[in-house]
Amino acid sequence: MRSFVERIVNSRLGPPGAAAPPGSAKTPRGTFRADFTASLVVFLVAVPLCVGVAVASGVPAELGLVTGIVGGLLTGLLPGSSLQVSGPAAGLTVLVYEAVQQYGVGALGILVLVAGLLQLAMGALKLGRWFRAISVAVVQGMLAGIGLVLIAGQVYALADAKAPGSGLANLGGLPDLFIDTVGSNSALAALAIGVGTITVLVLWPRWKKAARVLPAPLAAVALATLAVFAFDLPVARVEVQGLLGAIQPPGADDFSRVAEFGVIGTVLAFTLIASAESLFSAAAVDRLHDGPKTDYDKELMAQGAGNAVCGVLGALPMTAVIVRSSANVSAGAKTKLSRILHGVWLLVFAAAFPAALGVIPVAALAGVLVHAGWKLMPLKEIRPLWREHRGEAIVLATTAIAIVVTNMFEGVLIGLLMAVAKTAWETSHVHLEVSGDGGTGGHVREPHSVVVAKSVHGSAPTATLDEAEPATAKAAEPVRVRAVGNATFLRLPRLLDQLEALPADREIQLDLSGLRHLDHACEAALLGWAEQRRRELTEPAGVSIDHMPVRGAVS
């Protein structure tokens, strides 16, 4: 990427250090022109997405535009990431819809406001960088689960039908939806508009010249709207309330609900998902350009400020959106001015042409979101992930299925727990190296033996399970067993099986100096195994535990 950019720069602007030609991107006039052009492209991409996300979330279409405006004018102005663009995102559609159904549109503002304040606090505490520590499999599983639930819900909107509700209910109702659609001319007309929109979204980018002029989402919605108008199709259209009429600031009663357990869980889900999506988007956008890179803590605070204002206005939550951000970079944006101007164009459109929303068919917006949901699923990554990191693939699938079966918050938590459990399992490898003929060959038994546990520093024995007495016969060579790795309770059953398989009538010297970690469960089990071995044998063989690490120590 860097070499490609350098070739372009050298060919158009001359070698590094040369004076920039008048009107080039390196001059103020050239930079403004590049940002101005890019802002128009991002505006055209943002309009159908803002409206579509709002309709799919169960709120007035204007609220999606309000969030886009705040994302451009406020978040776009603040420091953090210079080129990524914020607004309502398909990734939060399912969660917002569930919140609206459960608590009402009026409570949405307080949920978003508190989530924004939490983001501001996390940014001030320098926690932004820690979001990069989240398992990539969990994030991909989260996006896949969101995509599945989004598609399952928007399939109903493709046919102008009402979705039953949850992810499982939506999937279970698909056979009835098919039967109802086949028997209704209006539903078939809406389905044709939706499927046509998806087809345009898939094919339009292949027409390179047209795609440079008009973004695929806007082209698809515009063509669908023209088709509905030309053929006078009986399909549902977006309901328009007006920008000021759609804004619903939270009231005093809404603030009292913050302490409810369900509300707390929804707020945490908003905060976690919006922050993770924004910061992962920032990392992706940074790879697309050679300009200033993202300050994760400042970007988190910028997102928090935007969400706080959106909450005060009763609008949708915002995140940084990779679709708009990549369009911004591809259109040649140089500074944050492009994303600020895109917010200005959204404001002008919402204020001057609100009636334009009322001619857009709902099925067309559903088609845009079905396509967006499909793109959220990491289909290309699953096969190589299964081949190379099967555990990560299982975490991804578990997270996605959990989101469909339960809800967003619980599904992500299950995915995180799975990732932690997988990591604990993979890092708890321990194996035994046995030397000294572990078979039951020739030997001479000792009538009495010593069981000793020595400290890691080689100090005096810490536990004596039998007293030493003079041996009456020469013992056979002891079986030396060296444990290597991390001994945790996860590997304890296999470890004990291996120890119990050792010869019962030979002296055992167990060396634990090769362990990097020994938890309490394993320490107790090893001492218990030695004690049990002494008690079960009539003439116990010797067992010594050498160089036992201090619990939890890592060498």
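Model, not experiment: these values are computed from the prediction.

Turning our eyes to something else, we now look at the packing of helix α2 (residues 28-56) against helix α18 (residues 362-376). Working note: a packed helix pair is described by the angle between its axes plus the distance between those axes. The interhelical angle for the contact between α2 and α18, taken along N-to-C directions, is 100°, at an axis separation of 9 Å. Here α2 lies roughly perpendicular to α18, going by the angle between them. Mapping the contact onto sequence places P48, L49, V51, G52, V53, V55 and A56 in α2 and V362, L365, V368 and L369 in α18. Of the residues in the contact of α2 with α18, the class split is 10 nonpolar, 1 polar and no charged.

The residue T197 is located in helix α9 (residues 185-203) in this model. Residues in contact with T197, not counting those within four places in the same chain, are A220, A224, A364, G367 and V368.

One can describe the packing of α2 onto helix α3 (residues 61-75) by two numbers: an axis separation of 7 Å at closest approach and a directional angle of 130°. On the basis of their axis angle, the class for α2 and α3 is oblique. When you trace α2 past α3, the crossing you get is right-handed. Of the residues in α3, those in contact with C50, V51, A54 and V55 of α2 are A61, G64, L65 and G68. Each residue belonging to the contact of α2 with α3 can be placed in one class, and the counts come to 6 nonpolar, 2 polar and no charged.

A word on the nonpolar core. Counting 83 residues, the largest nonpolar core has L65, L108, L111, M142, F270 and M408 as its most contacted members. Here this core gets 10 residues from one element, more than from any other, and that element is α2. The contacts of L65, once residues within four sequence positions are left out, are C50, V51, L346, F349, A350 and L357. A487, L495, L510 and A525 belong to the second-largest nonpolar core, a separate cluster that totals 20 residues.

Reading guide: rules and limits
Residues numbered from 1 in each chain as written. Predicted model: local features only at pLDDT ≥ 70, side-chain atom pairs only at ≥ 80, totals over all residues. Heavy atoms only, no water. Axes fitted to C-alpha atoms, helices over the stretch in contact; angles between N-to-C directions. Helix = DSSP H or I, 4+ residues; strand = E, 2+ residues; numbered from the N terminus. Parallel < 35°, antiparallel > 145°, perpendicular 65-115°, else oblique. Contact = heavy atoms within 4.5 Å. Nonpolar A, V, L, I, M, F, W, Y, C, P; charged D, E, K, R; others polar. Left-handed = near helix turned anticlockwise from the far one by under 90°. Core = buried A, V, L, I, M, F, W, Y, C linked by side-chain atoms within 4.5 Å. Buried < 20%, exposed > 50% of the residue type's maximum accessible area, 1.4 Å probe, protein only.

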